[in-house]
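Examination of the molecular architecture
Here is what each chain is made of, one letter per residue.
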Amino acid sequence: PFFAPSTPRKLVKVSTPGGTSRLIKKESSKTKENKSTVAGATSNLVNAIIGAGIVGIPYAIKECGLVAGIILVVLCAILTEKSLRVLVDTAKHVDVPSYETLFESTYGSAGFYFISVNMLIMAYGGCLSYLTIIKDTLPILLGVERGDVGMERAILVVSTMAIILPISMQRDMADLAKTSKISVIFQCFMVLVVVIFSPVSETLEENGGLLAIASESLIETSTIFIGLGVLSFAFVCQHSAFIVAGSLEKPTKERWGMATSRALSLCLVLEAACGIAGYLAFLEKTQGDVLNNFLVLGGSITKAANLARGLLCTTMFFVYPVDSFVCRHVLVVLFFRGRRAHEGDDASVLNRRDRRIAMTLIIYFSSLIPALFVESVGSVLALTGTIAGSSLSYIGPGMIYLAVYGDEFLKKVEEVWGKFDGSTDTAPVETDVESSRLLTTRQPNETTTTESTATEQSFFKSVSWYLLLMPIWCEVAKMGKTKLKEFKEKEALKSPHINRLGKVARPSLQMVPANIPRVGSADGGLMPKFPTPKYGATAGGNKAIGAAILAQQRSASVRAASPAPADLDEPPTWYDFCVAIFFVVFGTIAMCAGMFSILTAK
């Protein structure tokens, strides 16, 4: 059935010792997902991050103010890199392979659909933006006059069907590594052209210099969250993070950390350079697509702008398939039946070419038709970035971390505030005052001082309890703790499966006899030292050989059970929980204020 994928198998002829043969079904090697290197995963991640958002960075800085915009660009890059690590590490801790199932483990089916819908909104908004960029840039390069709507639409349809569709028809994210590397190179050259040929020096002379512009453009309080929405879209890549991480060969924490740090560092340099140069060149006249500002300039600047447009247009053809893959992934988990489809094993579903072609065409035409009528990419970036970007980049990672490590969070809260009943209307039990009243052996003055200090401490705890919104975070932790326990109980009843992201575990030696000597392991711990098997003529004969082989297998199994140091599960700290809470608060404020600014903007 179309919506009920099964593992493709092929008949293999097997010979028996007796000379007979029979046919058995084995899983086809073509069903295995292709994998990429760290460089390939980094390129795919950079492609997912930059996309069309890079031409909107100058517009975002204009809406935020020069100083505030630069600070938010750096902050968004740091938070994005941190959230990427948090999401994958947390998924390994729970042993789930996707963003949706990670939310499902602590928030049930509601969390599953919440993340799935936001991923679809984000990826679909990206596809729409990329096609809009192509419509704005490619006709100009081909010499079409501005305003010839019919020709612009025709060029968009023909070019995307010829280039984007074949690339998007591929099955695995690793297959996009080569085109992503080309796209990253073109993006670097495009930013270089914008920085070199932007009329920054003329604008600075006309407006009294950089300090004068910065003093007048510290922060735009009325529209700052519109700019933040654009930045959220420009840096968000969490919707594709699990697909990219799963496509990485040997996706250890160390290798995933290398991919995220390299990708975000490069994106920060490119987007900050493009944003600052673009805004300083055009100031309040900066458009949602900064390359449109170059149309009024003549001479060599127009030629340079056309070169930048050509590079940008080429990258859009290579960036679109990344978000198309995410849309296809969401369709798989939402509409197809079976455990593999539900957990986001796209390869098991997309092995059938008819499924892959049908879903790719649905995504393509559903984004192409609106793109033919969208005029301003800035509004699209702001709207999709504010809603889905805030949810995926900030709110999602923070909420999931509090829920997954709910038990540890509640223990740490109890250490600071004392025991509590978990309700939002009851403050922590004030034990310090009661204990101080039992100290009858002290002098009156000393007792009064102690009681006063204890009262001040209890007052501070009560105020901080509500000021820091601890009742809310504790409820989130309690719910996550309960849901995660139920989820693990259900998963224990299912057959074992291989997680695309790998597992995080601790070395275990309970099953090894105590009389086996221990030697140092790679992670600094101790592991059993089994005798090295020696084959040939031995005193024990076949029994000794069998025992030696068994000892070697046991040694190999123990070594395999001992993960690399980077994959050891580390206990959460107060810093980790503070970062998670900051994610939730920051994302909620950005979403609400951004939507308000967009709806009330003239």
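Numbering of residues starts from 1 in each chain and follows the order in which that chain's sequence is written. Reporting in this predicted model follows two pLDDT cut-offs: at least 70 for local features of residues, and 80 or more for side-chain atom pairs to be given and counted; totals over whole chains, interfaces and linings ignore these cut-offs and use all residues. With hydrogens and water set aside, each side-chain value is computed from the structure's full complement of heavy atoms.

**Here's the deal with the overall build of the chain**
How we decide: Secondary structure elements are defined from DSSP: runs of H or I of at least 4 residues count as helices, runs of E of at least 2 residues count as strands, and each element is numbered from the N terminus. A 1.4 Å probe rolled over the protein chains alone gives each residue an accessible area, and that area as a share of the maximum for its type sets the label: buried under 20%, exposed over 50%, partly exposed in between. Contacts were defined at the residue level, with two residues in contact if any of their heavy atoms lie within 4.5 Å.
Looking only at helices and strands, the chain has 22 helices and four strands in total. Out of the 602 residues in the chain, the part that is buried amounts to 51%. Counting contacts in the chain only where the partners sit at least 6 residues apart, residues at least 24 apart contribute 81% of the total.

**Re the packing of aromatic side chains**
This is how it is decided: Put simply, two rings from Phe, Tyr or Trp (the six-membered ring, in Trp's case) pair if the centres are within 6.5 Å, and we call them stacked under 30 degrees between planes, edge-to-face over 60, tilted for the rest. Counted as over-ring charges are cases with an Arg CZ or a Lys NZ within 6 Å of the ring centre that also lie within 35 degrees of the ring normal.
Scanning all chains against the criterion turns up 15 aromatic pairs. For the pair Phe409 and Trp574, a centre-to-centre distance of 6.1 Å together with 70° between the ring planes defines the contact as edge-to-face. One end of the pair, Phe409, is in helix 17 (residues 406–417); the other, Trp574, is in helix 22 (residues 574–600), and 165 residues separate them in sequence. For Phe409, a relative accessible area of 0% translates into the label buried. A centroid spacing of 5.1 Å and a plane angle of 65° characterise the contact between Phe409 and Phe577, whose relative ring orientation is edge-to-face. Taken together, the positions of Phe409 in helix 17 and Phe577 in helix 22 put the pair 168 residues apart, joining distant regions of the chain. One exposure class covers both Phe409 and Phe577, and it is buried. In textbook terms, an aromatic cluster arises when at least three aromatic residues are bridged by ring pairs, as seen for Tyr401, Tyr405, Phe409, Trp417, Trp465, Trp574 and Phe577. A cation over an aromatic ring shows up here: Arg328 above the ring of Phe325, its NZ or CZ 4.3 Å from the ring centre.

**Remarks on the confidence of the model for the chain**
Applicable threshold: pLDDT measures how confident the predictor is about each residue, on a scale from 0 to 100.
Mean pLDDT over the chain: 79, with 77% of residues reaching 70 or higher. A low-confidence stretch, residues 533–539 stays under pLDDT 50, and its non-local contacts, those more than four residues away or across chains, total ten contacts. Here residues 557–566 is a poorly scored stretch, pLDDT under 50, and it has 17 contacts once near neighbours within four places are set aside; other chains count.

**A look at the packing of helix 4 (residues 99–141) against helix 10 (residues 238–247)**
Defined as follows: What counts as an axis is a line fitted to C-alpha atoms, over the stretch in contact for a helix, and the angles between N-to-C directions run from 0 to 180 degrees. Any angle from 65 to 115 degrees is called roughly perpendicular, while one under 35 is roughly parallel, one over 145 is roughly antiparallel, and all others are oblique. Note on residue classes: Ala, Val, Leu, Ile, Met, Phe, Trp, Tyr, Cys and Pro are nonpolar, Asp, Glu, Lys and Arg are charged, and everything else, Gly too, is polar.
Viewed as axis vectors pointing N to C, helix 4 and helix 10 meet at an angle of 110°, and their least axial separation amounts to 9 Å. Judged by the inter-axis angle, helix 4 sits roughly perpendicular to helix 10. Only Gln238, His239 and Phe242 of helix 10 make contact with helix 4, whose side of the interface consists of Tyr99, Leu102, Met119, Met122 and Ala123. Of the residues contributing to the contact of helix 4 with helix 10, the split by class is six nonpolar, two polar and no charged.

**Considerations on a nonpolar patch on the surface**
Under the convention used in this document: Patches here: salt-bridge-free residues with over 30% relative accessible area, like charges joined within 9 Å, nonpolar side chains (Val, Leu, Ile, Met, Phe, Trp, Tyr) joined within 5 Å. Only the protein chains shown count as cover for residues, with accessible areas throughout obtained via the Shrake-Rupley method and a probe of 1.4 Å. The rule for a salt bridge is simple: a side-chain nitrogen of Lys or Arg has to be within 4 Å of a carboxyl oxygen of Asp or Glu.
A cluster of nonpolar side chains, namely Ile185, Phe189, Leu192, Val195, Ile196 and Phe197, defines an oily patch on the protein surface of about 540 Å² accessible area. Its place among the elements puts Leu192 in helix 6 (residues 177–197).

**Quick notes on the environment of Thr588**
Note the following rule: Nitrogen and oxygen atoms within 3.5 Å of one another constitute a polar contact, given that in protein one can donate a hydrogen and the other can accept it, and given that sequence-neighbouring residues count only through two side-chain atoms.
By secondary structure assignment, the location of Thr588 is in helix 22. Placed 198 residues apart in sequence, Thr588 and Ser390 show a C-alpha to C-alpha distance of 7.3 Å. A polar contact of 2.8 Å, which involves the side chain of Thr588, links it to the backbone oxygen of Val584.

**Section: the pattern of salt bridges**
One side chain can pair with another of opposite charge once the charged atoms of both are near each other. Tallying each qualifying case throughout the model produces nine salt bridges. Put simply, Lys62 and Glu63 hold a salt bridge, and the shortest N to O gap is 3.5 Å. Accessibility expressed as a relative area gives 14% for Lys62, which makes it buried. The exposure class assigned to Glu63 is buried, which follows from its relative accessible area of 10%. The partner of Arg339 in a salt bridge is Glu491, with the nearest N and O atoms 3.9 Å apart.

**Focus on the side chain of Arg328**
Put simply, the rule reads: A positive count includes Lys and Arg, and a negative count includes Asp and Glu. His and the chain ends are not counted in either.
Inspection of the secondary structure assignment puts Arg328 in helix 12 (residues 300–335). No salt bridge is formed by the buried Arg328; its nearest oppositely charged neighbour, Asp346, is found at 6.3 Å. Looking at Arg328, its side chain comes within polar contact range of the main-chain oxygen of Ser168, at 3.0 Å.

**A closer look at helix 5 (residues 149–168)**
Applicable threshold: Given the number of residues in a helix, its expected span is that number minus one, multiplied by 1.5 Å.
The terminal C-alpha atoms of helix 5, which comprises 20 residues, lie 26 Å apart, in line with the 28 Å expected from a rise of 1.5 Å per residue. Within helix 5, the full set of buried residues consists of Glu152, Ile155, Leu156, Ser159, Thr160, Ile164, Leu165, Ile167 and Ser168. Residues of helix 5 that are buried make contact with helix 4, helix 12 and helix 15 (353–371).

**Let's talk about helix 12**
Put simply, the test is: To get the bend at a given residue, fit one axis to the seven residues ending there, fit another to the seven starting there, and take the angle between those axes.
Between its terminal C-alpha atoms helix 12 stretches 52 Å, which fits the 52 Å expected from 36 residues at 1.5 Å a residue. By the largest-angle criterion, Phe317 marks the main kink of helix 12, which is about 30°, and a proline, Pro321, follows within four residues. The element helix 12 is largely enclosed, with a buried count of 28 among its 36 residues.

**A look at the nonpolar core**
For clarity, the threshold we go by: By convention a nonpolar core is built from buried Ala, Val, Leu, Ile, Met, Phe, Trp, Tyr and Cys residues, the set being connected through side-chain atoms within 4.5 Å.
Grouped together as the largest cluster of nonpolar side chains are 152 residues, with contacts concentrated most on Ile54, Leu102, Ile134, Trp256 and Phe409. In terms of residue count, helix 12 provides more of this core than any other element does, 19 residues in total. Phe409 has contacts with Leu402, Met470, Trp473, Cys474, Ala477, Trp574, Phe577 and Ile581, leaving out every residue within four places of it along the chain.

**Regarding the side chain of Glu491**
One can find Glu491 in helix 20 (residues 470–492). A polar contact of 3.0 Å, which involves the side chain of Glu491, links it to the side chain of Lys494. In contact with Glu491, not counting residues within four places along its chain, are Arg339, Glu343 and His497.

**Looking at unusual backbone geometry**
Within the chain, Lys250 stands out as a residue other than glycine whose phi angle is a positive 55°. In this fold, Lys250 is placed in the loop between helix 10 and helix 11 (253–282). Residue class for Lys250 comes out exposed when judged on its relative accessible area of 62%. The backbone of Leu283 sits at a positive phi, close to 50°, despite the residue not being glycine. Summarising the element assignment, Leu283 is placed in the loop between helix 11 and helix 12.

**Quick word on the environment of Gly111**
The topology assignment puts Gly111 in helix 4. Separated by twelve residues in the primary sequence, Gly111 and Tyr99 place their C-alpha atoms 9.9 Å from one another.

**A word on the environment of Leu218**
Mapped onto the elements of the fold, Leu218 is located in the loop between helix 8 (210–216) and helix 9 (224–235). Apart from the residues within four sequence positions on either side, Leu218 is in contact with Cys64, Gly65, Leu66, Val67 and Ala68.

**Observations concerning the packing of helix 4 against helix 20**
Two numbers describe how helix 4 lies on helix 20: the axes approach to 7 Å, and their chain directions differ by 105°. In terms of orientation, helix 4 lies roughly perpendicular with respect to helix 20. Each of Glu104, Ser105, Thr106 and Tyr107 in helix 4 lies in contact with helix 20, whose residues at this interface are Val476, Met479, Gly480, Lys483, Leu484 and Phe487. Taken together, the residues of the contact of helix 4 with helix 20 sort by class into five nonpolar, three polar and two charged.

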